[in-house]
Amino acid sequence: MDIKDFKGHIFDLDGTLTRSNHVWSKIDEDFLGKRGIKVPEDYFKQVSAMNFEQAAVYTNDRFSLGENIQDIMKEWFDMAVYEYTNVIELCGNAGEYVRKLKEQGRKIALATASTEELYKPVLKRNGILDQFDCFVSTEQVERGKGFPDVYELAAEKLGLESKNCVVYEDIVEGIKGAKAGGFFAVACLNDHYSHDWDEMREIADEVVENGEFPVK
């Protein structure tokens, strides 16, 4: 079956629909830099599948910051809100692809680690917020994107079984989580995770490169 023929399409946000991974890298650099810490090579990969609170706890513990978790989250959040509201653009032809799916009567969901205050402004400013049937966040489920929980919740909200849905992800943990739940998984390759490309190609059912989705 062609990926466009599936009834449900579940999209990750950062790095899949939007060119926003660099924003989080910058936030990491600025946040840790203010504390005299250089960002370790594995840090971004470690926190990429976590929600805000999980990442804040991890960061506080890993670097022995001894800070209030809520204060860490607020500092990150304030930096991110500006970028998502005013700066971030869509990947490649992602907007055209989402609109085409909607025209064909497909159901569309967002499954993200980002909060509503971030994903709604960026999707609205880029003209595709109204194309989505539902939005789910990893904050609503027990486990992160290395597991199928958030995709299963999205499918449930769409009224579909996993076997009838495609999951689009740019991290290998997301691909693994989707496959574990019985979803058709599409790896959206971008430079931010180039070190995982080989593994993602091997695990995923299909691959999208540089945000060029199969519109035709």
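Every value quoted in this text rests on a predicted model; they were computed, and no experiment measured them.

Visitor: When you look at the packing of helix H3 (residues 52-62) against helix H4 (residues 69-86) in this model, what are you seeing that I'm missing?
Guide: Each pair of packed helices can be described by the angle between their axes along with the distance between the axes. One way to put it is that H3 packs onto H4 with a least axis distance of 9 Å and a crossing angle of 115 degrees. Seen along the crossing, H3 lies across H4 with a hand that is right-handed. Of the residues in H4, those touching H3 at Phe52, Glu53, Ala55, Ala56, Val57, Thr59 and Asn60 are Ile69, Ile72, Met73, Trp76 and Phe77. For the contact of H3 with H4, the per-class residue count stands at 9 nonpolar, 2 polar and 1 charged.

Visitor: Please explain the nonpolar core as it appears in this structure.
Guide: The tendency in soluble globular proteins is for nonpolar side chains to be buried side by side. Counting 48 residues, the largest nonpolar core has Phe11, Trp76 and Tyr168 as its most contacted members. Apart from residues no more than four positions distant in its own chain, tyrosine 168 is found in contact with Ile3, His9, Ile10, Phe11, Asp12, Thr16, Tyr97, Leu101, Val186, Cys188 and Phe213. Formed by 24 residues, the second largest nonpolar core is a distinct cluster that contains Ala109, Ala154, Phe183 and Met200.

Visitor: What am I meant to see in the state of the cysteines here?
Guide: Two cysteines joined by a covalent bond between their sulfur atoms form a disulfide. A full pass over the atoms with the stated rule returns 0 disulfides. No disulfide involves cysteine 188; its sulfur sits 8.0 Å from the nearest other cysteine sulfur, which is in cysteine 91.

Visitor: So what exactly am I meant to see when it comes to the pattern of salt bridges here?
Guide: It is possible for side chains bearing opposite charge to pair when their charged atoms get close. Scanning all chains against the criterion turns up 20 salt bridges. A salt bridge links glutamate 75 to lysine 34, with the nearest nitrogen and oxygen atoms 2.9 Å apart. Linking glutamate 75 in helix H4 with lysine 34 in the loop between helix H1 (21-33) and helix H2 (43-47), this pair joins segments that are 41 residues apart in sequence. Since its relative accessible area comes to 63%, lysine 34 is described here as exposed. One connected set of salt bridges, linked through shared partners, spans Lys34, Arg35, Glu67 and Glu75.

Calculation notes
- Residues numbered from 1 in each chain as written.
- Predicted model: local features only at pLDDT ≥ 70, side-chain atom pairs only at ≥ 80, totals over all residues.
- Heavy atoms only, no water.
- Axes fitted to C-alpha atoms, helices over the stretch in contact; angles between N-to-C directions.
- Helix = DSSP H or I, 4+ residues; strand = E, 2+ residues; numbered from the N terminus.
- Left-handed = near helix turned anticlockwise from the far one by under 90°.
- Contact = heavy atoms within 4.5 Å.
- Nonpolar A, V, L, I, M, F, W, Y, C, P; charged D, E, K, R; others polar.
- Core = buried A, V, L, I, M, F, W, Y, C linked by side-chain atoms within 4.5 Å.
- Buried < 20%, exposed > 50% of the residue type's maximum accessible area, 1.4 Å probe, protein only.
- Disulfide = S-S within 2.5 Å.
- Salt bridge = Lys/Arg side-chain N within 4 Å of Asp/Glu carboxyl O.

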